[in-house]
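# A look at the structure
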Amino acid sequence: MTDADGLRARTRALLADHPPATTSRDAFLAARFDAGLAWVHYPEGLGGLGAARSLQSVVDAELAAAGAPDNDPRRIGIGLGMAAPTILAYGTEEQKRRFLRPLWLGEEVWCQLFSEPGAGSDLAALSTRAVLGDDGVWTVTGQKVWTSSAHLARWAILIARTDPAQPKHRGITYFLCDMTDPGVEVRPLRQITGEAEFNEVFLTGVRIPDSHRLGEVGGGWQVARTTLMNERVSIGGSTGGRESGMIAPLARTWRERPELRTHALHQRLVTLWVEAEVARLTGERLRQQLAVGQPGPEGSGLKLSFARLNQQISGVEVELLGGEGLLYDDWTMRRPELVDFTGRGPGYRYLRSKGNSIEGGTSEVLLNIVAERVLGLPTEPRTDKDVAWKDLAR
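Anyway, here's the lowdown on the structure attached to this text. (Residues numbered from 1 in each chain as written. Predicted model: local features only at pLDDT ≥ 70, side-chain atom pairs only at ≥ 80, totals over all residues. Heavy atoms only, no water.)

If you tally the helices and strands in the chain, you get eleven helices and eight strands. Scaling as 2.2 N^0.38, a compact globule of 394 residues should have a C-alpha radius of gyration of about 21 Å, and the chain matches this with 22 Å. Expressed as lengths along the three principal axes of its C-alpha atoms, the size of the chain is roughly 70 × 55 × 45 Å. The buried share of the chain, taken over its 394 residues, is 50%. Contacts spanning at least 24 positions in sequence make up 70% of the contacts within the chain whose residues lie at least 6 apart. Charge-centre separation for the chain: the mean point of 46 positive side chains lies 3 Å from the mean point of 49 negative side chains. (Helix = DSSP H or I, 4+ residues; strand = E, 2+ residues; numbered from the N terminus. Rg over C-alpha atoms; globule rule 2.2 N^0.38 Å. Buried < 20%, exposed > 50% of the residue type's maximum accessible area, 1.4 Å probe, protein only. Contact = heavy atoms within 4.5 Å. Lys, Arg positive; Asp, Glu negative; His and termini not counted. Charge placed at Lys NZ, Arg CZ, Asp CG, Glu CD.)

Along the chain, Lys 168 turns up in the loop between β4 (155–161) and β5 (172–178). A distance of 2.9 Å separates polar atoms of two side chains, one belonging to Lys 168 and the other to Asp 122. When sequence neighbours within four positions are dropped, the list of residues in contact with Lys 168 reads Asp 122, Ala 124, Ala 125, Arg 161, Asp 384, Val 387, Trp 389 and Leu 392. (Polar contact = N/O pair within 3.5 Å; in protein donor to acceptor, adjacent residues only side chain to side chain.)

With seven of ten residues buried, helix α7 (residues 247–256) is to be regarded as a mostly interior element. For α7, the complete set of buried residues consists of Ile 247, Ala 248, Pro 249, Leu 250, Ala 251, Thr 253 and Trp 254.

Take the pattern of salt bridges next. Counted under the stated rule, the structure contains 34 salt bridges. Linking Arg 187 and Glu 185 is a salt bridge whose minimum nitrogen-to-oxygen distance equals 2.9 Å. The class of Glu 185 is partly exposed, set by a relative accessible area of 37%. The salt bridge involving Asp 330 is made with Arg 334; its shortest N-O contact spans 2.7 Å. With relative accessibility at 25%, the residue Asp 330 sits in the partly exposed group. Sharing partners across several salt bridges, the network here consists of Glu 195, Asp 329, Asp 330, Arg 334 and Arg 344. (Salt bridge = Lys/Arg side-chain N within 4 Å of Asp/Glu carboxyl O.)

Right under this line is the structure:
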């Protein structure tokens, strides 16, 4: 049942037993998860069948042809792309069974409590503290920032310092934090777009049971690296056909508005179109690599390309439109559920793309990762590598 033909048969049986036209969305998604067709490469009982990751497309094609509902992956992207693979890799069986089903169904939205005001590019310098009490409960105090979807989230993946006497990378532990617990305060961060899709989160004496720790005490950096590698793949390696993503509205405007065309802009558009297609195909190759293993540092390169292309493409779009490109569709202060690049105007795309070189790891940090872990170049000198965190200058 885990080859292509078997998965088609299993999917058609799901559709026959739960016709999308007469089955509620929630009921259909629950039946799909329980049938092992949510993410087929996950283990049985956790929404999968232990099949090859590449066979997910077989299931998705059958469901799309039948008009079946999806789980709104853009709304729950942090859970699907970051929390779930980390829980699968490091969680206990109890944690996997508790969190993965409601996560995939979209019943529980997730956010990421990693970055801090003093620990962004140098994430391992984080200062949020977690202290274990005699009752087996951790008390967490600190501040996180740039937290997408914190205003919607029920759960968060959180890293905190549990041993300040260790060097900064070794004294960190990874937790699953209930965002509804006392002591969690979420404040909006209004962005250049006018919206507050990001947040800052204040943690004041938040109590997290040790059963919500992911991985070993002090081993949180290794767990966090798994999250970060998956994050970069999910940001930079999004699926789509030819001329999808940010290049789509620019190409459409070029075709529909011939009076705006110039030779110089044509040359730039063609160059960006080719680079966008190369990035798309590279993302496809990376997804095929993922089918037989875990994400590696190559995702950092793809995410770098994603940020640069989005910013350059949106810049050309605004330039092509001239005065129209300076207009902005809506400055209303909102706290949106997702980022909608193609559903908004060119001004929004231009402004929002500026954040692409920060989120998911700054471009400067990712250049280092590509240089050291992909190209094998010498690492930068790090004088603080073996110094206890508590002794570092701050």
